[in-house]
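Report on the structure
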Amino acid sequence: MKRRHLLLAAAGAFAYGQSGSPGLYAIQNATIHTAAGPAIANGTIVVRNGLIEAVGANVAVPAGAWAIDGKGMHVYPGLIDSLSRWGLPAPVDGPPRIVVAAPTGGGGRRGGGDEGPSNVQFQDDGGPEERPSNTSWVKAADLVQPNDASLAAARNAGFTTAVVFPATGIFAGQGSVLNLSGGKAGDMVVSSPVGQFLSMAAVRNGLASFPGSLMGSFAYIRQIYLDAEQYKTAKAMYAQNARGLQRPAYDRALEGVLESPRALLPAGRKVEIDRMIRFGKELKTPVILYGGTEAWRAADSLKAAGVPLLMNLRWPERDRDGDPDVMDSLRTLETREMAPAGPAVLAKAGVKFAFYSGGLERPADVRRAVKKAVDAGLAKEDALRALTISAAQIYGVDDRLGSLEPGKIGNLFVTDGDWLAEKTQVKMVFVDGKKFEPTAGGQTNGPA
Amino acid sequence: MRFGLFFLAMAAFAADDSFVLRNVTIHPVTAAAIPNATLVVAGGKIADFGAKVAAPKGAKVIDGKGMHVYPGLIDSASNIGMSEIGSVRESGDVTELGDFNPQLRSVVAINPSSEHIPVTRGNGITSSLIFPGGGIIGGQAALVHLDGWTWEEMAIERNVTMQMRMPTISTTTFNPAFGAGRRPFAETKRRYEERLKLMSDFFEQTRAYKQRKAVGGAGFAVDRRLEAMLPVLDGKVSLMIFAARERAVKDALAFAAREKVKIILAGVREAGSAVKEIAEKKIPVILGGTLELPLEEDAAYDSPFTLPGELHKAGVTFAFGTFSVQFARNLPFQAASAVGFGLPYEEALKAVTINAAKIWGVDDRIGSIEKGKWADLILTDGDPLEARSQVKQMWIQGRPVSLETRHTKLFEQYTKRP
Amino acid sequence: MDRRKFIGGLLLAPVAAMAAGGDIVIRNAKILTVTKGSLDGSILIRNGKIAEVGPNVTAPAGARVIDAGGQFVMPGIIDCHSHIATEAVNEGSVSVSSMTGIEDTVNPEDIGIYRALAGGVTTANILHGSANAIGGKNVVIKMRWGKDAPEILLDGAMPGIKFALGENPKRRGGSDSGIATRLRYPATRMGVEDVIREAFTDARAYKATLDDYKARAAKGERVIPPRRDLKLEPLVEVLEGKRFVHAHCYRADEILMLLRVADEFGFKIRTLQHVLEGYKVAKEIKEHGAGASTFSDWWSYKVEAYDAIPYNAALMHKKGVLVSLNSDDAEMMRHLNQEAAKSVRYGGLTDDEALALITINPAKQLAIDSRVGSIEVGKDADLVIYDKHPLSNYAKVQKVFIDGEMYFERDKDMSDRAVREARRKQLMEKQKAAATAARPAGGRRPQ
C-alpha cells in the first residue's frame, strides 16, 4: 500500500508540471542524442505544439519559447518499451477457457443414452473451430487505463511510449502504440492496431482442452490463419455480389486476425527462433519474434530471414529457490552467460531488434539490464536505438517516433549525465511535447 | 521346440533330486571353469564335480555334450509374485499405506502361481530377493526360490533384510493435467527434513521400546511395529536402504553411522564422492538397471553403463537387482551390459551369483557350484549373460524345473494356427 | 578463436571432424551387410554414399582411411517408433488430432539424439503419442546431431500419421485418467472404431466438397472456395495412399478391426505399432500387407499386454509379416542391437534375420529402403562400427557415420568430457558468485 501512495504522489507532481506548459520549449546547450546521427554537443532542440520543430547545433530559440538551460544535460529520444503490459488491467488468473462439452446426460453428436451413468459429462471433439483461447479482436487501446501507476513510473525513467498488448491466451489480441501522456486514453494512441500477440500457452490451458500441447497450438494458429484467408476471400466475393452465394458467417476471431498488420510470435531458444521464422513464412503475415534468450546463436537465421526480434531485458538468471546441490546444465549455464551478449551479436550482424521490459517491474532494473548488454559488447548508440528508433521501425511508426528529428512527435527525456550511468537522474520527460518532471525523491518509486 | 523336447526327456526322473551331468563345462564361479567335467547331485545337493569324477553306480546320467553348467542366477531385487499386471492396482501388493511398516512380510504376498515366476526362470534365474515398498520402511524382504507349490516352499530366508527408502529432495513436480512444474527448494527441503526427523524419531522409539522390553513388568505392552525393528537394531537383520542419487547415498551413510545399523544400499545410480566411504565401510550395494538413461543432460552417455565397473574398481561389493517384475528376466543382460564398459566379465557373473548370495548371507547354500551347496543349476548352450544363448535345463535344489512359460505355451499354440 | 563456435561446439558436440564429400575408406572390417551376407573387407564412401563394398577395395588418392581393426560394421540402426527430438508428443485433448504434426515441434538439440547415436541409431520414426484414436503426423529423422531442424528430417520419406487403439485412446473415457476433467469419447474399443469410421466418413465428405468446388470453379461458376480443414486433409491423403498409417495396437481383436476398417475405406495400414498380439493374427496382417513393429520382450505392464510374448517378432516373421523392433523409449533406443539379439533367443531367428529387424525391415516399413537399412552400393553411408558382434551384449559402438559424416566417435566423446565439465564448473562458480554479489547484505533481494 505504501508503494501505491508514493506513486500517486508522483503522479500529482506531473500534473503540476503540465499546468505550466506553454506548448513551446527550447532546450539549449545540451548534448543531444538524436538516434538518427551522431550526438550533437551544445545543441538546441525546439518542441512546439507537441512536435519537434528543430534540432541542431545552431538552432535559434524561437520567440516566446520556454527556454531551458541544458548545460551539462543530455537529451535522448523518449524510450519505447516495445512489448509491454503497462496500463492494462492485471490479467485474471489463467486464460479464458472455452471447453466444448456435450450437455449433461450425453447428447451432442455422440450422444449417450445407453446404460452408462446418465449424469456424466463428456467432451466432444472441440477443435480449432471452437476458437479456444482466442480474443484476437481485443485491442490494447480500448483497454488501457490512463491513470495506471505503472505508466507514471515508466515515464519517470524516460519512457514516453509503450507498445502495449493484451497477453492472455493464444490469440491474446491486438497491440497499440501508446504515448505515456496521461489524460484521455484516446489521446495516448499513436497507432493501433499494430499486431496480434500470439503465445503458445497450451499447457496453461491444461492438457484436457484443445490445444493441449505445443503441437496443438501450432496446428490451431495455422488453421486460424488459413480460415482468415478463406474468410477474407468469401467476404470480398459476397460484398462484390451477394446473389447466389452462401452468406459467410461473421467470425470475430477471424476479424481480429485480419485487422492485425503483423503477428508477434514467442521465440527464446535458437530452436524456437528458427522454428518461428519458418512458421511466420507459412502464415503469410509479417512477423515479429519476441524473447531472444538465445539470440546470440541465431543472428544468422534472423538476418537471412529479415525478421525483427524483440529482446527480453529480463536476462535469465539462476533460480533463487533452486536446489543448491544441483548443478545447472551446461546448456543453462551457457544461456545465462551469453544471453546479454545477444544484442551485440545481433547489432554486428545487422539484425533489427528492440528491447522490451519483459516483466521487469522497476524502470531502474531496465536500465541495469541494458547496461548488462552494453557490458557484453553492445555499443551505447545501439542500446539507445534498441529502445527508440528500432522499436519505431519494427512497428512502422518511425515516421513519427523514435528519434529526435524535426516533424516527429515531441517525445524525449533529459538527464544530468549518461542515461546508463547508475547515478544519473532523469530531470525532465516530454511526451507529446508536454513536460513532466520526476519528483525530487528520485526517478523511481522508492523501495517498498 | 528344442527346450520343450529336452524337458520332456527329463520328465522321466523329475521326481528325484539326484542325478549326474556328464560331458559338460562346469563354471563354479568361485573357481576356474572345468571342461569335459562331470557333476554329481545327490539329495538336492552338489555331491561332487570335476574332470575326473565318476558317476556313482545306478545314478541317472544326463549327457550334456557341448553344454555349460552354471549356478542359478540370483536377482537381488524384484517384486516377482507381488504384482501381476502393472497397471492393475488390484493385482499389486507391493505398496502398503503408512510410513513405517517393518512388521509387513513380503513373503506372504508372493503368489506362487504368478506367470512371472516361470517367465523369469526361463532366463536362468533361480532365486530372487522380493521386497515390499511404500512409505519410509516398507517391510521385510524375502529371498525365495523361483519354484515351489507354496510361498513356504519357495522361501530361502523369510526376513533377509528390512526395506527402507531414504527421503529425497526433489524440486520437480508433475501434474497430469498441466505437465511438469517446480517446487521451491526451501519447501521441499522442509518436507525432507520432516521425514528425516520421522525416521530418527522412529529409531528413537525403537530403542526406548527395547529398554522397556528389557525391564519388562506389568507396564510393558507389545508393539508389533517396534518389535519387528529389534532385529535391525541388534544388527541381526540389515536395512536395505533405497538411495539413488549421491545426496541420498550420503544421507544413508550418515544415517547408518548415527543409528549404528547394518545397511545395504539399493538402487544406487550415482555414488559420486561417497564411493570411497562405501568401499571402506564394506557396505554392499544392490545396483539397479545398467541400461538406464544418464541422470542429467551433461552426464556422460555411458554413465549408467560404467557405474558397475567403477564400483568394482573402488573395491565395492555389489550385486545386480532388476527392481522390476516384467523385466526381471533381463537380469543377465543388465549384468552383461556393464562388461563392455569396464566391469570384468567374472565380476558381472559373480554379481548375479556368489556375490548376491554373500550379500544376503546365503552363500553357504547358493551362488556357486561347490560341494555341499544346493544344486541350483542351469544348463546352457553358452554364456548365460548373452541374449543369444539358451537356457536348456534348470534344477532348483536338484529338482528339474520346467522352463515352460505362459509365453512358450502361447508361442506353441499360435505357431500351430493354420 | 570464435567463442560462439567454441561454445556451440561444446553444447552440441558433433564430431563432424570429417569434411563431407571427401572419400573415406573403412578397411579391415567385418562387414555385416544384412542383405548380402557378411564379409571381411572394406567400404568406400563417396559423396556420402556407399560407393564400393568388397574384400579388396583400393583407396582412391586422398581418401581418408579408417582402420576398423577387425571390428564389426553394420548399417545404422533404424528405430520405427520413437518420441525423442520433439517438444510435444501428445495432443490429448481431442480424439482426432490429425491437424497436429511433430514437424512443428522438432528439437534437433534434444540430447536424446546424441544418446541414440551413441547406441548406433541413425534413423528414427518420430511419432505422435497414443492418446487419440487418430493422432498427429510423424516425421522420419536422421540423427544429424548439430544440424538444424529441417536438416535432420530425412528428405523424401513418406509422410505418415499415428493411430492408436485399445487402452490408451479410451483412457480419458474413464474417471481414472488422472486428469480431473470432463470425460472424453471414446471409452471403449467400440468407440475407438466409431471415431475412426466417423473421421474417414468426414474425410470422404470433405474430399467430395473439394472436388465439387474444383469442378464448379473449372466450369467458371462463381463459388466461394471451401475452407481448408487441417484435420481432414491428412485423412484424405491416407485415403489417396499419400500418407502412411502407423497404428498403435495391442490386442488381436482391435488389430483385426482396424485392418477391416481400412479395407472398407480402401486404404492400407502401413505399420502396426507394438502389435503385441500380432502373432495371433499374423495371417490377417500378412494378407492386408501391414508391417509390424514390436517390442522385443515387454509384457504385463497393462491388461492388453498380458498375452504379449517375446516370440512375437520371430513368429510374425516366420508367418511372412515384415517385422521390425522398435524402442518407443529414449533408453531402449540406445541398445536396439541387444533387443534384436533377443529374437535369436526367443524364436530362433538367424543373426541376419535379427539384424534385419532393426535395419532393412524398418527401412522397408518406412519406404526408405532405397536409401538406408543395409550396406549396399548406392545407399547412404549410414554405418556403425561396433567393437564386437552387434548382437553380443558386450558390444559397444565405436563410431557412427551418417551420409558419410562421422557423428559419433567414442574416443572423442571421452576426451571432450573433461573440457565440458571444466567449462560447466567455471560458469557455475561465476554465476553463483554473481548471484551472491547481487544479494544485499540483509540476504533478501529487493522485490
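Located above this text is the structure these notes cover.
Notes on the structure in this doc start here. If you're wondering where the values come from, they're calculated on a predicted model, not measured in any experiment.

**What to know about the sheet that holds strand 1 (residues 19-26) of chain B**
Residue and element names in this part refer to chain B. Pairing in this open sheet of seven strands is mixed, and the strands run 3-2-1-4-15-16-17 from one edge to the other. Edge positions in the sheet fall to strand 3 (45-50) and strand 17 (399-401), since each has one partner strand and no second. Neighbour to neighbour, the strand axes of the sheet diverge by 40° on average, direction disregarded. Relative to strand 2 (residues 34-42), strand 1 runs antiparallel, the two sharing five bridges. Bridging from a neighbouring strand, V20 pairs with V40 of strand 2.

**Some words on the sheet that holds strand 13 (residues 285-287) of chain B**
All names here are of chain B. Taken in spatial order, the eight strands line up as 5-6-7-8-11-12-13-14 in an open sheet, and their pairing is mixed. Looking along the sheet, the strands with just one partner apiece sit at the ends: strand 5 (73-78) and strand 14 (318-320). Ignoring strand direction, the axes of neighbouring strands in this sheet form an average angle of 25°. Two strands pair when backbone bridges link them, and strand 13 and strand 14 are joined in this way by three bridges, in the parallel orientation. Looking at the pairing, I286 lines up with A319 of strand 14. Docked against the sheet, helix 6 (residues 246-259) engages strand 8 (155-165), strand 11 (238-242) and strand 12 (263-268), running at close to 170° with respect to strand 12.

**A short note on the nonpolar core**
A:L289, A:F355, C:M143 and C:L272 are the most contacted members of the largest nonpolar core, which totals 187 residues. Considering each element in turn, this core owes the most residues, 11 residues, to helix 5 (residues 214-240) of chain A. The contact partners of C:M143, leaving out residues within four places of it in the chain, are C:I84, C:I113, C:A116, C:L117, C:V121, C:T122, C:T123, C:A124, C:M333, C:I402 and C:Y407. Residues B:V107, B:L146, B:A256 and B:A336 belong to the second largest nonpolar core, which totals 77 residues.

**Remarks on the packing of helix 7 (residues 270-283) of chain A against helix 8 (residues 295-305) of chain A**
All names here are of chain A. Put simply, helix 7 and helix 8 touch, their axes get as near as 9 Å, and they point 15° apart. When the axes of helix 7 and helix 8 are compared, the pair comes out roughly parallel. The handedness of the crossing between helix 7 and helix 8 comes out as right-handed. Two secondary-structure elements touch here, helix 7 through K270, I273, D274 and I277 and helix 8 through A295, R297, A298, S301, L302 and A305. Classifying every residue of the contact of helix 7 with helix 8 gives six nonpolar, one polar and three charged.

**Re the interface of chain C and chain A**
Taken residue by residue, the interface counts 64 residues in chain C and 64 residues in chain A. For the pair chain C and chain A, the two sides together bury roughly 5,800 Å², of which 54% comes from carbon and sulfur. Joining chain C to chain A, the criterion identifies 10 salt bridges. At the level of secondary structure, the elements contributing two or more residues to the side of chain C that touches chain A comprise helix 1 (3-12), helix 3 (149-152), strand 11 (183-184), helix 5 (189-218) and helix 13 (410-438) of chain C. By residue number, the principal contributor to the side of chain C that touches chain A is helix 13 of chain C, which donates 10 residues.

**Concerning helix 9 (residues 331-339) of chain B**
Burial of helix 9 of chain B is extensive: nine of the nine residues sit out of reach of the surface. Buried-residue contacts for helix 9 of chain B involve strand 5, strand 6 (125-130), helix 8 (303-313), strand 14 and helix 10 (345-350) of chain B together with helix 10 (336-345) of chain C.

Thresholds, definitions, all that
Residues numbered from 1 in each chain as written. Chains lettered and ligands numbered in written order. Predicted model: local features only at pLDDT ≥ 70, side-chain atom pairs only at ≥ 80, totals over all residues. Heavy atoms only, no water. Pairing = 2+ DSSP bridges. Helix = DSSP H or I, 4+ residues; strand = E, 2+ residues; numbered from the N terminus. Axes fitted to C-alpha atoms, helices over the stretch in contact; angles between N-to-C directions. Contact = heavy atoms within 4.5 Å. Core = buried A, V, L, I, M, F, W, Y, C linked by side-chain atoms within 4.5 Å. Buried < 20%, exposed > 50% of the residue type's maximum accessible area, 1.4 Å probe, protein only. Parallel < 35°, antiparallel > 145°, perpendicular 65-115°, else oblique. Left-handed = near helix turned anticlockwise from the far one by under 90°. Nonpolar A, V, L, I, M, F, W, Y, C, P; charged D, E, K, R; others polar. Buried area = accessible area lost by both parts, 1.4 Å probe. Salt bridge = Lys/Arg side-chain N within 4 Å of Asp/Glu carboxyl O.

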